[in-house]
Number of protein chains: 2
Amino acid sequence: MPASAIKEWFDGIDTFLLDCDGVIWRASDAVPGAAESIEYLRSKGKHVRFVSNNSTKTRGDYVSKLKDMLGIDATEEEVVSSGYTAAQYCVRHGITKKVYCMGMPGLVKELNAAGLEVLGPGDHTKAFSFGKMTPGDLDPEVQAVVAGFDGHASFYKIAMAASYLRYGKGVKFVATNRDATFPDTHMLVPGGGVVVGAIETGSGRAPDAVVGKPSQDMLEILASAGGLVRERTCMVGDRLDTDIVFGARGGLSSRLLVLTGINNEADALKYPAGDPHRPTHVIASFGDLKRVLEPVIG
Amino acid sequence: MPASAIKEWFDGIDTFLLDCDGVIWRASDAVPGAAESIEYLRSKGKHVRFVSNNSTKTRGDYVSKLKDMLGIDATEEEVVSSGYTAAQYCVRHGITKKVYCMGMPGLVKELNAAGLEVLGPGDHTKAFSFGKMTPGDLDPEVQAVVAGFDGHASFYKIAMAASYLRYGKGVKFVATNRDATFPDTHMLVPGGGVVVGAIETGSGRAPDAVVGKPSQDMLEILASAGGLVRERTCMVGDRLDTDIVFGARGGLSSRLLVLTGINNEADALKYPAGDPHRPTHVIASFGDLKRVLEPVIG
């Protein structure tokens, strides 16, 4: 890419939306140079937002991790995660009492912070036994099943979640994300999509909403805060089917694929120009951004 | 159906293949009249075989349950289950050392009986923790993941099974069945298909074999024992997508839907004549068979 094109591209962007896992960190390791790239963008007057399908952390947890791992200051308002978004979705859809949740403590906290009573945590200690479950076990006040990555997923919990959806009255199914895998430190492990899919199969019901990327719920939360001009916004991500499609569907002018996570350049080139999976730009690592930009931009 | 047609149909059948859950029993209750119908069929010289997608029991367990619940004598050779069939599939495909299993004790016993060492039982007590799993946790001697209904399914076990398939060398994926639900005593609960689907999503690999109905593995086991004439065989089942399709694919001349389980007559009529989901005959209950036949046949 010639210097003039880089400058034109950079001048055309006000806001960078950064996916987190696979972009600025991988599990518990920072991507080298990511902090410097964020600081560089901010020093050039760009807004930076953190947009993550990972539902296991609260927005506050993200602020802490950004500080601890990257030394980056951020506010909760700069972070939007699928857990926070699921809680907001509930509130906006009249779900204000109780939910049954399969998820990590971060998701539970976001639901609690939105005023919801959360059933499910602790249920992994309960064994499933044939003939023991009855519809009478279900709390009639539960208005939704909220599901995402759950390291404590168990057959009993899956059966409870599926039963609320099958036998409960008007119970909604809110999923944080459908990511099939999660890039853990040493290997890919099953992602939130595995939990969501298990409930879906067991209940015979598709989610009423999957709030994570590529759904537009997170973009709407960011847009409703004001100041986001879609045609001057760049989505930065490592997954074609979540991040890049998210940017395309949202009408963001720029979708930058980084190669430090799930997909590589060959994956991207399988899609024809114009396909929502096709990034507008590719860079080896977000951590390289400052190094690429500085000689051109200053 | 006029008496002459009933007689012609009955005279044309030598062997009745009976699904179990939803046909002769529902969870821990016998279907009323089922024992009498089985005895009646045998008294008329018909062979009866028990053909179940339920992987949670050994063939010996089926023999015991038939005796205890219905007072019916049967031999292990008259029973074929998806657990037994999965074990036979392994042996026939050179899987003779170790497998990682998600399943109930009955499946583990069938695998052990086939000479296989089984990893996985007990793993539900292990918690998943971020950053703790490594490919080094995997036993290099594991040749297959065998999965079915698992009341002790846990995120850790799903992650282990998926990791064997993703990182193990030449590891096969053998599923007992894909039944989305299981008719437990008081309600539908998630079935083996939920466990299989979770591993599939997490590993990115479809099963190399799903040995349960509608796959033909169980029919091949029955046929290899000799004496089964497909055009003189009737499959009796409560599920269109497993039992009835199994019979159609296997070239069985008669596929009898009973309404004591999953599907009803309206479900069947959604499929046009000739579709493999469409039963050739429908009866309210297998327990009614003797009552319907006796006035005509004697």
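As a starting point, this report considers the structure included with it. (Residues numbered from 1 in each chain as written. Chains lettered and ligands numbered in written order. Predicted model: local features only at pLDDT ≥ 70, side-chain atom pairs only at ≥ 80, totals over all residues. Heavy atoms only, no water.)

1. Points about the nonpolar core
Judged by nonpolar contacts, the single largest core of 62 residues is most densely connected at Met102, Val145 and Ile199 of chain A together with Met102, Val145 and Ile199 of chain B. Formed by 33 residues, the second largest nonpolar core is a distinct cluster that contains Ile13, Val31, Tyr62 and Ile72 of chain B. (Core = buried A, V, L, I, M, F, W, Y, C linked by side-chain atoms within 4.5 Å. Buried < 20%, exposed > 50% of the residue type's maximum accessible area, 1.4 Å probe, protein only.)

2. Focus on the sheet that holds strand β6 (residues 98-102) of chain A
Residues and elements named next belong to chain A. Strands sit in the order β7-β6-β8-β9-β12 across an open sheet of 5 strands; the sheet is parallel. Each edge of the sheet is formed by a strand with only one pairing partner; in this case those strands are β7 (117-119) and β12 (209-210). Pairing between β6 and β7: 3 bridges, direction parallel. Along β7, the bridge assignment pairs Lys98 with Glu117. (Pairing = 2+ DSSP bridges. Helix = DSSP H or I, 4+ residues; strand = E, 2+ residues; numbered from the N terminus.)

3. Some remarks on the packing of helix α4 (residues 82-92) of chain B against helix α8 (residues 217-224) of chain B
Residue and element names in this part refer to chain B. Remark: α4 packs on α8, axes separated minimally by 10 Å, with the N-to-C direction vectors making an angle of 80°. One element, α4, and the other, α8, form an angle in the roughly perpendicular class. Residues Ser82, Tyr84, Thr85, Gln88, Tyr89 and Arg92 of α4 lie in contact with α8, whose contacting residues are Asp217, Met218 and Ile221. A class-by-class count of the residues in the contact of α4 with α8 yields 4 nonpolar, 3 polar and 2 charged. (Axes fitted to C-alpha atoms, helices over the stretch in contact; angles between N-to-C directions. Parallel < 35°, antiparallel > 145°, perpendicular 65-115°, else oblique. Contact = heavy atoms within 4.5 Å. Nonpolar A, V, L, I, M, F, W, Y, C, P; charged D, E, K, R; others polar.)

4. Looking at the sheet that holds strand β13 (residues 233-237) of chain A
Residue and element names in this part refer to chain A. The strand order across the open sheet built from 6 strands is β5-β4-β1-β13-β14-β15, with neighbouring strands paired in parallel fashion. The open sheet terminates on both sides in strands that have one partner only, identified here as β5 (79-81) and β15 (281-283). The average undirected angle you get between the axes of adjacent strands in this sheet is 20°. The strands touched by helix α2 (residues 34-43) within the sheet are β1 (15-18) and β4 (47-52), with β4 carrying the most contacts at an inclination of about 140°. Sitting on the sheet, helix α9 (residues 240-249) touches β1, β4, β13 and β14 (254-258), and the angle it makes with β14 is about 165°.

5. As for α2 of chain A
All names here are of chain A. Looking at α2, one finds that the buried residues are Ala34, Ala35, Ser37, Ile38, Tyr40 and Leu41. Next to the buried residues of α2 lie α1 (3-11), β1, β4, α3 (59-70) and α11 (289-297). Where α2 terminates, the next one or two residues include Gly45, which has phi positive at roughly 85°.

6. Quick notes on the pairing of strand β13 (residues 233-237) of chain B
Residue and element names in this part refer to chain B. Where burial is concerned, most of β13 is hidden: 5 out of the 5 residues are buried. Residues Thr233, Met235 and Gly237 point to one face of β13 and Cys234 and Val236 to the other, with burial holding for every one of them. As judged from the 4 bridges shared by strand β1 (residues 15-18) and β13, these two strands associate in the parallel manner. The partner of Leu18 across the bridge, within β13, is Val236. Sheet topology places β13 next to strand β14 (residues 254-258); 4 bridges connect them, and they run parallel. Looking across to β14, one finds that Val236 is bridged to Leu256. The parallel pair β13 and β14, bridged by helix α9 (residues 240-249), forms a crossover whose chirality is right-handed. (Right-handed = clockwise from strand over helix to strand, strands pointing away.)

7. Here's the deal with the interface of chain B and chain A
Each side of the interface is counted separately: chain B has 39 residues, and chain A has 39 residues. Regarding the contact of chain B and chain A, the summed buried area is about 3200 Å², with carbon and sulfur atoms giving 72% of it. The largest per-residue losses of area from chain B upon contact with chain A belong to Phe130, Phe155 and Met187 of chain B, which jointly make up 22% of the total buried on that side. Applying the counting rule to chain B against chain A returns 0 salt bridges. Linking chain B to chain A there are 8 residue pairs in polar contact (both at pLDDT 80 or more). Within the residue set of the side of chain B that touches chain A, elements represented by two or more residues are α6 (155-167), β10 (181-183), β11 (188-190) and α7 (192-203) of chain B. In terms of residues, the side of chain B that touches chain A owes the most to one element, α6 of chain B, which gives 7 residues. (Buried area = accessible area lost by both parts, 1.4 Å probe. Salt bridge = Lys/Arg side-chain N within 4 Å of Asp/Glu carboxyl O. Polar contact = N/O pair within 3.5 Å; in protein donor to acceptor, adjacent residues only side chain to side chain.)

8. Focus on the environment of Val31 of chain B
Residues and elements named next belong to chain B. Of note, Val31 is situated in the loop between β3 (29-30) and α2 (34-43). Overall, the relative accessible area of 6% leaves Val31 in the buried class. Measuring from C-alpha to C-alpha, the distance between Val31 and Asn112 comes to 32 Å, with 81 residues separating the pair along the chain. For Val31, the residues in contact, after removing those within four places along its chain, are Val23, Ile24, Trp25, Arg26, Thr260, Ser285 and Gly287.

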